[in-house]
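The residues making up each chain are set out below.
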Protein chains: 2
Amino acid sequence: MQVTVIGAGNMGRGIGHRLVAGGHEVTIVDRDPQEAGWLAKELRAAAQGGATVEAAGPTSELRGEVVVFAVYYQGALELARELGDRLAGKVVVDISNPLNQTFDALATQPGTSAAEEVAATVPTGTRVVKAFNTTFSGTLVEGQVAGQPLDVLIAGDDKEAKEMVAKLVRDGDLQAIDVGPLERARELEGLGFLGITLQQPLGLNFQSTWKLAS
Amino acid sequence: MQVTVIGAGNMGRGIGHRLVAGGHEVTIVDRDPQEAGWLAKELRAAAQGGATVEAAGPTSELRGEVVVFAVYYQGALELARELGDRLAGKVVVDISNPLNQTFDALATQPGTSAAEEVAATVPTGTRVVKAFNTTFSGTLVEGQVAGQPLDVLIAGDDKEAKEMVAKLVRDGDLQAIDVGPLERARELEGLGFLGITLQQPLGLNFQSTWKLAS
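Residues numbered from 1 in each chain as written. Chains lettered and ligands numbered in written order. Predicted model: local features only at pLDDT ≥ 70, side-chain atom pairs only at ≥ 80, totals over all residues. Heavy atoms only, no water.

What follows is about the packing of aromatic side chains. All names here are of chain A. Enumeration over the complete set of coordinates arrives at 2 aromatic pairs over all chains. Between the aromatic rings of Phe136 and Phe206, the centroid separation amounts to 4.9 Å while the plane-to-plane angle is 85°, which identifies the pairing as edge-to-face. Highlighted residues: Phe136 in the loop between strand E6 (127–130) and helix H5 (137–142) and Phe206 in the loop between helix H7 (185–202) and strand E11 (209–213), separated in sequence by 70 residues. (Phe/Tyr/Trp six-rings, centres within 6.5 Å; stacked < 30°, edge-to-face > 60°. Helix = DSSP H or I, 4+ residues; strand = E, 2+ residues; numbered from the N terminus.)

Following this line, the structure appears as structure tokens:
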């Protein structure tokens, strides 16, 4: 599958590693072309199963049906606004955890979520899927925590869009769990926030992950 | 430790099994004395390490420092009101998942939680701890899911009270995780809700549990 990842930071790196482990055609986009180039080079070296990796600038065409917003909350809303019609028909993956500036609460209003805000901003026909917000970058690079594959919790209102994201997840040797409609992003973002708050007190160093054991 | 469990239903049974596995002195209270008696008998048969089990009626003295409200959300608020001063000085464990009548949303207002509502209702000096709302009754009876001990996520504003609950959890061979102040019950109740919504679509039959893998 062709996938564009916007953001060559930690999360773009983590998700990029899973995508190239799954043999996909990945384009890394960043405002800083050097950052995009470095990450593309790293991912190319890790590519398996025919995966390809390109770097591209922020004004280039968005390749593929799936576009991952691998940026922070405010950046995701900005991308949704700035890219506008270029997103039409795409599946947009929002991974954000909308923390406030002091990291001790969510910045979103009660009764909504970052993902729903992104969905309200993109053009009609763009399908927004929430995923990867309860997995940290380092654990995505490894693909597992304590020998167990990461669970990627996926919320969205379009079944086909969710299944595309689930396939990317499974191809990267992770577990995909469909948690329901996009409004379930409220609980996912609560869970992401909870996980972040525990890192320092429990000394987890962002090496933890939430799993639904069964 | 002396612990009173109010409610001889599924969750009282699950938590009761962990308490008697840990060698504690358990009193089961229910409005229906026969229900309390049956559960006490079952737990007595499972008792280890000197654990004792008694059944008691709803008007009897509340034994011990820890009182578990093993009831539904509305019942927890009623207990907090009805027991009133009898709870003074106790550690109250709220386990509830405040679902609405159609089980498709939380019944609490945004920006609060069942645990915080219980805390606002009990007398001054009663310390409320949120715990056990992300673990299902059957998994508590077993103490594990897929060979892994359950994680019990604990929120509260009083460190000593949380540590008492954490000791009960550990004595029952479960993992205790302190997730912070009582307001984190908002995220825990979101997580409990999320887990409940997944049972039917994923065919989990209430045999799943949330784990913080690390």
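All names here are of chain A. Pairing in this open sheet of 8 strands is mixed, and the strands run E3-E2-E1-E4-E5-E6-E9-E10 from one edge to the other. Of all strands in the sheet, those with a lone pairing partner are strand E3 (52–56) and strand E10 (175–180), marking the two edges. Mean inter-strand twist for the sheet, computed between neighbouring axes without regard to direction, equals 25°. With 5 bridges connecting them, strand E2 (residues 25–29) and E3 associate as parallel partners. Across the sheet, residue Thr27 finds its bridge partner in E3, namely Glu54. In this fold helix H4 (residues 114–121) packs onto strand E4 (66–69), strand E5 (91–94) and E6, with an angle of close to 170° to the strand it touches most, E6. (Pairing = 2+ DSSP bridges. Axes fitted to C-alpha atoms, helices over the stretch in contact; angles between N-to-C directions. Contact = heavy atoms within 4.5 Å.)

The next point concerns the packing of helix H3 (residues 73–83) of chain B against helix H4 (residues 114–121) of chain B. In a pair of packed helices, the angle between the axes and the distance between the axes together describe the arrangement. Residue and element names in this part refer to chain B. One can describe the packing of H3 onto H4 by two numbers: an axis separation of 8 Å at closest approach and a directional angle of 15°. It follows that H3 is roughly parallel to H4 by the angle criterion. Our pair here, H3 against H4, has a crossing hand that is right-handed. Only Ala114, Glu117, Val118 and Thr121 of H4 make contact with H3, whose side of the interface consists of Tyr73, Ala76, Leu77, Ala80 and Arg81. (Parallel < 35°, antiparallel > 145°, perpendicular 65-115°, else oblique. Left-handed = near helix turned anticlockwise from the far one by under 90°.)

It is worth spelling out the packing of helix H1 (residues 10–21) of chain A against helix H2 (residues 33–46) of chain A at this point. Residue and element names in this part refer to chain A. Direction vectors running N to C along H1 and H2 enclose 30°, while the axes themselves pass 9 Å from each other. Classified by the interaxial angle, the pair formed by H1 and H2 is roughly parallel. The chirality of how H1 crosses H2 is right-handed. The segment H1 lies against H2, with Gly12, Arg13, Gly16, His17 and Val20 engaging Leu39, Glu42, Leu43 and Ala46.

Taken together, the contact between chain A and chain B spans 29 residues of the former and 29 residues of the latter. Of the roughly 2400 Å² buried at the junction of chain A and chain B (both faces included), carbon and sulfur atoms supply 74%. At the boundary of chain A with chain B, the tally comes to 0 salt bridges. Sorting the residues of the side of chain A that touches chain B by element identifies E10, H7 and E11 of chain A as the ones contributing at least two each. For the side of chain A that touches chain B, the element with the highest residue contribution is H7 of chain A, accounting for 9 residues. Here the residues of the side of chain A that touches chain B are counted per class, giving 16 nonpolar, 8 polar and 5 charged. Direction of pairing for E11 of chain A relative to strand E11 (residues 209–213) of chain B: antiparallel, over a ladder of 5 bridges. Looking at the pairing, Lys211 of chain A lines up with Lys211 of chain B of E11 of chain B. (Buried area = accessible area lost by both parts, 1.4 Å probe. Salt bridge = Lys/Arg side-chain N within 4 Å of Asp/Glu carboxyl O. Nonpolar A, V, L, I, M, F, W, Y, C, P; charged D, E, K, R; others polar.)

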